[in-house]
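Listed below, chain by chain, are the residues.
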Amino acid sequence: MTRLTAPHVPGVTTIVSRRAAALCTARVTSCVQGRSAAGREEVLVIGDPAAEPAGAGAELAAALRRVVGGEIRFDSYSRHLFSRDASMYAIEPIGVVFPRDADDVAATTVTAAEFGVPVLPRGAGTSLAGQTVGRAVVMDLSRHMGGIIDIGAEQRLARVQPGVVQEQLNLAAARYGLVFGPDTSTSNRATLGGMIGNNSAGSQSVRYGMTIDHVLALDVVLSDGSRSAFGPLTEGERLSRAAAATLDGAICRELPGLVERHREAIATGFPRFWRQAGGYRLDRLAGSAGAGGLDLAKFLVGSEGTLATVVEATVQLVRAPRFRVIAVGHFASVQAAIEATEDALACQPAAVELLDRTILELSRQKIEYRALGSILHGDPEALLFVTFFGDTLAEAVAGLDRLAERWRAHGHGYHTLRAVDATEQAALLNVRQAGLGLLMAASTGARRPLAFVEDTAVEPARLASYASRFRRILDAHGLTAGFYGHCSVGCLHIRPFVDLSAPGQPELMRAVAEEVRELVLEYGGVNSSEHGDGLARSEFNRRVFGDELYAAMQQMKRLFDPGNRMNPGKIVNAPAMTDHLRDAAQPPAPPLATRLRFSAPGGMRGAADRCMNIGLCRKASTGVMCPSYMATRDEDHSTRGRANALLHALSMPDPRAALGDDRLHGILDLCLECKACQSECPLGVDMAALKTEALAAYQDQHGVPLRSRMFGSIRALNRLGSAAFPLSNAANGWRPARLAAERWLGISAARPLPRFQRHDLRSWFRRRQGPAASASRGELIFLADSFTTFTEPPAGMAAIELLELAGWRVRLEDAGCCGRASLSKGLLDAARRMAAGMTGRLAEAAARGVPIVGVEPSCLLTLRDEYAALLPGDPRVAAVAAATRLPEELLLEAVGAGRLVLPQDNAVSGRRVLFHGHCHQKALAGTAATTALLHGIPGADVVEVDAGCCGMAGSFGFEAEHYELSMSIGELRLFPAMRAEPEDTIIAATGVSCRQQIAHGTGRPARHPLEILRQALAGGRGVR
Ligand SMILES: Cc1cc2nc3c(=O)[nH]c(=O)nc-3n(C[C@H](O)[C@H](O)[C@H](O)COP(=O)(O)OP(=O)(O)OC[C@H]3O[C@@H](n4cnc5c(N)ncnc54)[C@H](O)[C@@H]3O)c2cc1C
Ligand code: SF4
Ligand code: SF4
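Residues numbered from 1 in each chain as written. Chains lettered and ligands numbered in written order. Predicted model: local features only at pLDDT ≥ 70, side-chain atom pairs only at ≥ 80, totals over all residues. Heavy atoms only, no water.

A. Looking closely at the overall build of the chain. Of regular secondary structure, the chain possesses 50 helices and 33 strands. Scaling as 2.2 N^0.38, a compact globule of 1024 residues should have a C-alpha radius of gyration of about 31 Å, and the chain matches this with 30 Å. In terms of overall dimensions, the chain has a C-alpha envelope of 95 × 80 × 55 Å along the principal axes. A total of 1024 residues make up the chain; the buried ones form 62% of that total. Here the analysis covers contacts within the chain between residues at least 6 apart in sequence; of these, 75% occur between residues at least 24 apart. Each charge sign in the chain was given a centre, from 111 positive and 107 negative side chains, and these centres are 5 Å apart. (Helix = DSSP H or I, 4+ residues; strand = E, 2+ residues; numbered from the N terminus. Rg over C-alpha atoms; globule rule 2.2 N^0.38 Å. Buried < 20%, exposed > 50% of the residue type's maximum accessible area, 1.4 Å probe, protein only. Contact = heavy atoms within 4.5 Å. Lys, Arg positive; Asp, Glu negative; His and termini not counted. Charge placed at Lys NZ, Arg CZ, Asp CG, Glu CD.)

B. Representation of the site of ligand 1. Around ligand 1, the structure places 38 residues, and the nearest of them are Pro121, Gly123, Thr126, Ser127 and Thr186. Measuring from an oxygen atom of ligand 1, one finds a backbone N or O atom of Pro121 at 2.6 Å. Protein coverage of the free-state accessible area of ligand 1, which is 980 Å², stands at 99%. The set of elements that each furnish at least two residues to the shell around ligand 1 consists of strand E8 (119-122), helix H6 (192-198), strand E17 (308-316) and helix H18 (422-440). No other element matches the 5 residues that H6 contributes to the shell around ligand 1. (Near = heavy atom within 4 Å. Polar contact = N/O pair within 3.5 Å; in protein donor to acceptor, adjacent residues only side chain to side chain. Areas by Shrake-Rupley, 256 points an atom, 1.4 Å probe, with all protein chains shown as cover.)

C. Structural context of the site of ligand 3. The immediate surroundings of ligand 3 are formed by 13 residues, with Cys626, Arg642, Cys671, Cys674 and Cys677 found nearest. If you list the elements that add at least two residues to the shell around ligand 3, you get helix H27 (639-650) and helix H30 (676-680). Each residue belonging to the shell around ligand 3 can be placed in one class, and the counts come to 9 nonpolar, 1 polar and 3 charged. (Nonpolar A, V, L, I, M, F, W, Y, C, P; charged D, E, K, R; others polar.)

D. Spotlight on unusual backbone geometry. In this model, Met625 is joined to Cys626 through a cis peptide bond whose omega is -10°. On the secondary structure map, Cys626 appears in the loop between helix H25 (603-608) and helix H26 (627-632). Pro726 follows Phe725 through a cis peptide bond whose omega is 0°. With respect to the helices and strands, Pro726 occurs in the loop between helix H33 (714-723) and helix H34 (727-733). Notably, Asn567 is not glycine yet its phi reads approximately 35°, a positive angle. Given the relative accessible area of 2%, Asn567 is considered buried. Here Asn613, not a glycine, exhibits a phi torsion of approximately 65°, which is positive. Here Asn613 lies in the loop between H25 and H26.

E. Representation of the pairing of strand E30 (residues 912-916) in the model. Counting buried positions along E30 yields 4 of 5 residues, so the element is predominantly enclosed. Examined bridge by bridge, E30 and strand E31 (residues 941-944) share 4 bridges and lie parallel to one another. Paired with Val913 across the bridge in E31 is Val942. Sheet analysis places E30 next to strand E32 (residues 986-989), joined by 4 bridges and oriented parallel. Residue Leu914 lies in a different strand from E32, and its bridge partner there is Ile987. (Pairing = 2+ DSSP bridges.)

F. Representation of the sheet that holds strand E9 (residues 137-140) within the structure. Spatial ordering of the open sheet is given by E6-E7-E9-E8, a layout of 4 strands whose pairing is mixed. Sheet topology places strand E6 (72-73) and E8 at the edges, where each strand pairs with a single neighbour. Relative to strand E7 (residues 95-97), E6 runs antiparallel, the two sharing 2 bridges. Across the sheet, the residue bridging to Arg73 is Val96, located in E7. The strands that helix H4 (residues 102-114) touches are E7, E8 and E9; relative to E9, the one it contacts most, it runs at about 180°. (Axes fitted to C-alpha atoms, helices over the stretch in contact; angles between N-to-C directions.)

G. Spotlight on the sheet that holds E31. Ordered by their spatial adjacency, 4 strands build an open sheet running E31-E30-E32-E33, and the pairing between neighbours is parallel. Edge positions in the sheet fall to E31 and strand E33 (1006-1007), since each has one partner strand and no second. Lying on the sheet, helix H46 (residues 928-935) is in contact with E30 and E31; it crosses E30 at an angle near 175°. Packed onto the sheet, helix H50 (residues 1009-1016) meets E30, E32 and E33 and runs at close to 130° relative to E32.

H. A look at the pairing of E32. Residues of E32 alternate between two faces, with Ile986 and Ala988 on one and Ile987 and Ala989 on the opposite face, all of them buried. The sheet contact formed by E32 and E33 spans 2 bridges and is parallel. The partner of Ala988 across the bridge, within E33, is Arg1007.

I. Inspection of the pattern of salt bridges at higher detail. Taken as a whole and assessed by the stated rule, the structure comprises 62 salt bridges. Arg284 serves as the salt-bridge partner of Asp213, at 2.6 Å between the closest nitrogen and oxygen. Note that Asp213 is positioned in the loop between helix H7 (205-208) and strand E13 (215-222) and Arg284 in helix H11 (residues 282-290), a separation of 71 residues in sequence. Owing to a relative accessible area of 28%, Arg284 belongs among the partly exposed residues under this scheme. In this structure, Lys619 and Glu680 form a salt bridge, with 2.5 Å as the shortest nitrogen-oxygen distance. Highlighted residues: Lys619 in the loop between H25 and H26 and Glu680 in helix H30, separated in sequence by 61 residues. (Salt bridge = Lys/Arg side-chain N within 4 Å of Asp/Glu carboxyl O.)

J. View of the confidence of the model for the chain. Confidence along the chain averages 91 in pLDDT terms, with 93% of residues attaining 70 or more. Contacts from residues 1019-1024, a stretch scored under 50 in pLDDT, to residues over four places away or in other chains number 12 contacts. (pLDDT = per-residue confidence, 0-100.)

K. Here's a closer look at helix H23 (residues 547-560). The end-to-end C-alpha distance of H23 is 20 Å, a good match for the 20 Å that 14 residues give at a rise of 1.5 Å each. Within the sequence span of H23, burial applies to Leu549, Tyr550, Ala552, Met553, Gln554, Met556, Lys557, Leu559 and Phe560. (Expected span 1.5 Å × (residues − 1).)

L. Layout of the packing of aromatic side chains. As enumerated under the stated definition, the model contains 11 aromatic pairs in all. Between Trp764 and Phe765, the aromatic rings sit 6.4 Å apart at their centres with planes inclined by 50°, giving tilted as the arrangement. Take Trp764 and Phe765: they sit in the same class, and that class is buried. Members of the aromatic cluster, each reached through a chain of ring pairs, are Phe230, Tyr280, Phe299 and Phe560. The lysine or arginine in question, Arg768, covers the ring of Trp764, its NZ or CZ lying 5.1 Å from the ring centre. (Phe/Tyr/Trp six-rings, centres within 6.5 Å; stacked < 30°, edge-to-face > 60°. Lys NZ or Arg CZ within 6 Å of the ring centre and 35° of its normal.)

See the structure below:
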């Protein structure tokens, strides 16, 4: 036995790496050597055994490894990552299992039971009420159990594994014109298992109902690890199953009697309103039992993983609407919008959604959602989105007309926007779906819009009066709140801003929750209408359902789960809603000096703690965030996983030492620093900045690898390579040299290296004849970045020529690197020096309003983004940032002003142009100017591809250990999109890395969009 001291929570089992163990400070009792699935040696540190749950720890992990095929993670980082969901709660689980199949689920359940430990099935962990946090072995079913087994087009059925994401199911079902009806706002990451667990619903529930209405049959693993098939049972089938001496037999024996004993209470005690996601659905069971059968599948829906684990589901699909149109009513107050709901409902809409000013304002602040602002009229306090479906467009539009007429007649709203085609609807849907997430973005520090009274619903006819009484409760407690909701079904997601780390606030929250609960009861509504009970509402179920029904629910729990082994403490027998609060339990942030400035309250930890776990970074088929998650489907490699890991490290007594931990480093390592989270995460979690800071601290302790130094000095290396042309190209292509570089430097031999050109951008600039056009627009600075200058000069040449043709006098800034490459390698001191040098060279011109442009977005936009964090307090930085523009923006202005005229007869006319934007451009400046410019080429058919990150990310794709992942990311969407294009399609990409990756992954050449524009203007035709 080795004695170690560890920075662990006393009484908690911790598996740490050798290195972290060496940093340990607290006294521990025992230590075991082990070997993980990945073959890496680990040190298991066990704290006070008396405080351990029985059987937890090393033996449990080892026992699970013997019987489970999927990975087992019991280390402290994994436990922390799975200690939270999108709720305000956090409980550290005992460990995490990633089952590969139903047998793994059964084996985990049996093994955990042998150790006296509960299990907790989990999907995407987007629950808002704390359903997926608990002291249990968490089974992450989203990782390996996301298959679609079968879609029966004729019967409109789908058989799926529980981890399938709704959007994936919908994409597959779309081939048959089908869709899964209930549509949560989280449909791009929420799993069917989680939807079944919570009885989820969504904006279209007025038409499609809730998940319970679409579940036909479930294969489950019961609490003793046995398997069962749940679905409608005839009395004969029930009796035959009831004869077995199994848990399933006991359930089939006992259930009818239990339902019968409480029939009266079930008939009268359930809330009258149909949209019910709280409690156990005894009403549905009683209904099916009364009809001469027993539908256990429907009963299981909404049971929040407390009764059994679903391992396969058969669900009903509905016909996908052929046409959709949306009306957006503009209102002067939230109340006015709610009052217009009744008229909307009279027009048979598919959805009526409310969005208040708070969310609108937040959407304006984010590039991702900004498009909405430009199509709204005036300055509405609230919007009502009313959706109509139709088999024909005329049918759908008729709904719009009826609504407009009614609202006009009754004086509702001051304007109604009509979105008929898909392009018009895109911005609306984007913001509507992100509503709740956007609201969360209004958090400052621990003051967050919290989910504790966010899911009540009443009859829509009573909604206006209910909402005004609700507001009075908030006013009486001095709380502000964002309003968002599904008005068509009387459901309001009202989230008051509360700081639970402040004294008295948990009590205040409780008081409000109790008052709202009473209001709901008075209105005959439901306390939870789609988000479930979890830790936030389960405590109130006795009051909501009454003593007898509550007792019946407790009996149900005992019948299904006699050992209390399934996600205990939810729905019945729950702790107080104010227990296990994430923010209240968080220790103050230990001091930490950082090289970058983090402006969030709480510095670097505060920046990581902005993550509210809503899981948008687990989406898989749109946008960029998060490429490493898209390729691995591993929570570790999502933005959320990284933010939580950093929060864990930065909460340790010595955060600087914790940043040197190998496990943390492994979690951060696959972040491509694409910055997509900065714009796409509603909370703006900026993982690229967090990673680079953490990497710098890691390297302080472990040294800087030679490869990182090389990549950080890319300008010097490229200058050398360029000077040695063509020898450098020959050396780069020489196989033995490449193999040696892979072996000794870790630079993948499979990745072609960029090729140097005879003339670099600087020599071309010096040698060429002066500009043909006069410089009517004045001076402009062109950033000669380290990549364009030496390996891709044609992109720079095209841009410079175009800018000159547009009337600018170009000055080349070629004295040094912007610092981008150093930043990405965590070489922050070097990056700061470079940033200071660059700022010094540019500041005077920037202050005069001279634009600074460049064709490599990642370099150019570093001036706008990281310089502020690298050089806090330097007054020149803001001027440089303000002067930084995409050249496309200036050229677009020139086209608009008639200074640059693109000829009808041009080399690109009649060609299709497929454009892929660079991640940093998308995150910081957007691609609108580039696409608008390309669209302006007469005769060109331009399409912007939503293909995510290319996977290259600067040096990332060159690194041997990242090469495979880099290519897998490209294969997700980008490569297939390129390959699907006809031979003569022109591929345009703004990033040098993207162009390299496209060429390598698909064999197709890609050019900077400005090269294509230049080609369209070839010979100077059309230039005035
Ligand atoms: C921004 C935001 C917007 C949201 N909007 C909506 C909305 O419009 N409508 C809505 O209904 N909800 C909404 N939610 C809540 C949440 O997204 C949904 O409840 C979703 O269906 C949960 O899916 P999940 O995969 O994340 O499940 P999880 O959160 O992982 O799990 C949910 C519950 O199901 C249980 N469970 C998971 N898998 C299984 C299984 N295989 N067997 C048995 N039990 C299982 C879990 O134990 C847990 O109790 C929103 C949440 C957020 C953060
Ligand atoms: S990183 Fe952003 S998108 Fe991901 S879970 Fe956290 S808040 Fe949500
Ligand atoms: S920077 Fe990119 S790769 Fe890194 S966490 Fe954010 S989205 Fe993911």
